[in-house]
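Topology and contacts: notes
Chain by chain, the residues run as shown.
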Amino acid sequence: MNHEGQTLNGKVALITGAASGLGEASARKLAASGAAVLVSDINEAGVTALAAELASAGGSAIAARHDVTQAHDWERVIALAMDSFGGLDILVNNAGIAGDNTDLMNLDLEQWHRVLSINLDGVFLGLRYAGPAIEKRGGGSVINVSSILGKVGLAGAAPYCASKGGVSLLTKSAALEWAPLKIRVNSIHPGFVETPLVDQALEKHEDGGAMRELLVAGHPLGRLGQATEVANAVAFLASDESSFMTGSELVIDGGYTAQ
Ligand SMILES: NC(=O)c1ccc[n+]([C@@H]2O[C@H](COP(=O)([O-])OP(=O)(O)OC[C@H]3O[C@@H](n4cnc5c(N)ncnc54)[C@H](O)[C@@H]3O)[C@@H](O)[C@H]2O)c1
């Protein structure tokens, strides 16, 4: 493991949806920054392999199967953090799905609920169940993964945009409630980043190649983002380097929403 600036020494972090993409990159970065990490996902094999790799490189890492829509899964995973690492300082509410590319007039309620339950209920449950554990430590940091699509709309992605917009204001409400507890709560808003989520959405699209070019053109820096570029922002918000930030929206989008 690359032991870079150990800004998170002695901290314990839970990262949801850590088997892939931004969650995996964030877990690697937090571990490299000195945190003990609990990596969770519905993909148990994925997080088990990641934890084994991080541990064999000298880090402290364990894995858990975890569906973020299930309250009892949250209770079990928080208890695991307490039993294994003695507490929790950092929560990265990252698990999320893109949903189907369906216009509103053809969208059914089940599709709507599926996206909202993972992307928004999952973040609420994370706050609800991890909050008391972080309070016991005398404070900490929560990073909620929203999106540029929590700030601007996209045709065909209404449930996703609604869920990510919801994450922004849920974040601000939690930040206000928990400021006296010294629990900072911030949201991050990545542009389109090279991960399986984006690859799969493009594969489902009738002309994925053209859509990809359109997406690239939407980012003034002329490319899609890399997962490590988002992980760097997560590590910054997790650490004391961002000690005066709470309730904020950190945009990492190559200029997408500056236009
Ligand atoms: N990739 C992007 O361009 C982009 C941009 C902005 C925001 N985001 C957000 O970043 C987060 C991660 O996205 P990604 O691109 O890394 O996606 P990804 O598909 O690569 O990874 C998502 C992970 O979440 C897990 N997951 C799905 N449902 C779950 C559930 N119910 N409980 C627990 N885990 C579950 C999956 O198994 C997967 O490992 C999501 O919230 C996504 O909306 C991604």
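Check the entry above for the structure.
None of these values were measured; they are calculated from a predicted model. Along each chain, residues carry numbers from 1 onward, in the same order as the chain's sequence is written. Local features in a predicted model are, by the rule used here, given only for residues with pLDDT of at least 70; side-chain atom pairs are given and counted only at 80 or more, and totals for whole chains, interfaces and linings are based on all residues. Excluding hydrogens and water, the side-chain values take into account all heavy atoms of the structure.

Things to note about the site of the ligand
For this description, a residue counts as near a given molecule or strand if any of its non-hydrogen atoms is within 4 Å of it. Around the ligand sit 28 residues, and of these S20, D41, Y160, V193 and T195 come closest. Between the ligand and D67 there is a distance of 3.0 Å, counted from a nitrogen atom to a side-chain nitrogen or oxygen. As used in this structure description, the phrase polar contact means that two N or O atoms lie within 3.5 Å; if the pair is within protein, one of them must be able to donate a hydrogen and the other to accept it, and residues adjacent in sequence are counted only when both atoms belong to side chains. At 3.0 Å, a backbone N or O of V68 approaches a nitrogen atom of the ligand. Contact with the protein chains hides 93% of the accessible area of the ligand, taken as 830 Å² for the molecule alone. Each cavity reported here is a set of points on a 1 Å grid over the protein atoms alone in which a 1.4 Å probe fits but cannot get out, each pocket an open set with protein on both sides within 12 Å along at least five of seven lines, and each lining residue one with an atom within 4 Å of a point. By definition, a pocket or cavity contains a molecule when more than half of the molecule's atoms lie within 2 Å of the pocket's grid points. Assessed atom by atom at 2 Å from the grid points, the ligand resides in the largest pocket. Here, Shrake-Rupley sampling with a 1.4 Å probe gives the accessible areas, and only protein chains in the shown set may cover a residue.

Regarding the nonpolar core
For soluble globular proteins, the rule of thumb is that nonpolar side chains tend to be buried together. If you look at the biggest cluster of nonpolar residues, it comprises 33 residues, and the most contacted ones within it are I15, L30, V37 and V39. Segments assigned H or I by DSSP are reported as helices when at least four residues long, segments assigned E as strands when at least two residues long, and all are numbered from the N terminus. Broken down by element, this core gets its largest block of residues, 8 residues, from helix 8 (residues 227–238). Beyond its immediate chain neighbours, meaning those up to four positions away, V39 contacts I15, A18, A27, V47, L50, A51, I62, A63 and A64. Each nonpolar core is a collection of buried residues, namely Ala, Val, Leu, Ile, Met, Phe, Trp, Tyr and Cys, held together in the definition by side-chain atoms within 4.5 Å. Relative accessibility thresholds used throughout: buried, under 20% of the residue-type maximum; exposed, over 50%; partly exposed, between the two (1.4 Å probe, protein chains only). Core analysis: the next-biggest nonpolar cluster, separate from the first, contains 29 residues, A36, I118, I134 and W178 among them. Contact criterion: two residues are considered in contact whenever any of their non-hydrogen atoms come within 4.5 Å of each other.

Things to note about the packing of aromatic side chains
Any two rings among Phe, Tyr and Trp, with Trp reduced to its six-membered ring, count as a pair given centres within 6.5 Å; such a pair is stacked if its planes are under 30 degrees apart, edge-to-face if over 60, and tilted if neither. Taken as a whole and judged by the stated rule, the model has 1 aromatic pair. Arranged with centres 6.0 Å apart and planes meeting at 50°, the rings of F192 and Y256 form a pair that is tilted. Note that F192 is positioned in the loop between strand 6 (183–190) and helix 6 (196–204) and Y256 in the segment after strand 7 (249–252), a separation of 64 residues in sequence. For Y256, a relative accessible area of 18% gives the class buried. To sit over a ring, a charge needs its Lys NZ or Arg CZ within 6 Å of the ring centre and within 35 degrees of the ring normal. Here the guanidinium or amino end of R128 rests over the ring plane of Y129, the centre of that ring lying 4.9 Å away.

Observations regarding the sheet that holds strand 3 (residues 61–65)
Note: two strands are recorded as paired if DSSP finds a minimum of 2 bridges between them. If you trace the 7 strands from one edge of the open sheet to the other, you get 3-2-1-4-5-6-7, paired in parallel fashion. The open sheet is flanked by strand 3 and strand 7, the only strands paired with a single partner. Strand after strand, the sheet turns through a mean of 20° between neighbouring axes, direction not considered. Bridge count between strand 1 (residues 12–16) and strand 4 (residues 90–93): 3 bridges; the pairing is parallel. Bridge pairing in strand 4 links A13 to I90. Only the stretch in contact is used when fitting a helix axis, every axis being a line fitted to C-alpha atoms; angles between N-to-C directions are given from 0 to 180 degrees. The sheet strands contacting helix 1 (residues 21–32) are strand 1, strand 2 (36–41), strand 4 and strand 6, and the helix crosses strand 1 at an angle near 170°.

A closer look at the environment of E24
Checked against the element boundaries, E24 lands in helix 1. On the basis of relative accessibility, which here comes to 23%, the residue E24 falls in the partly exposed class. Setting aside anything within four residues of it in sequence, one finds E24 in contact with G17, A18, A19 and L50.

Observations concerning the pattern of salt bridges
Any Lys or Arg side-chain nitrogen found within 4 Å of a carboxyl oxygen on Asp or Glu counts as a salt bridge. Taken as a whole, this structure holds 10 salt bridges when the rule is applied. Of the charged contacts in the structure, one is a salt bridge between R28 and E24, with a shortest N-O distance of 3.0 Å. Taken as a pair, R28 and E24 lie in helix 1 at a separation of 4 residues, close to a single helical turn. Linking E53 and R28 is a salt bridge whose minimum nitrogen-to-oxygen distance equals 2.7 Å.

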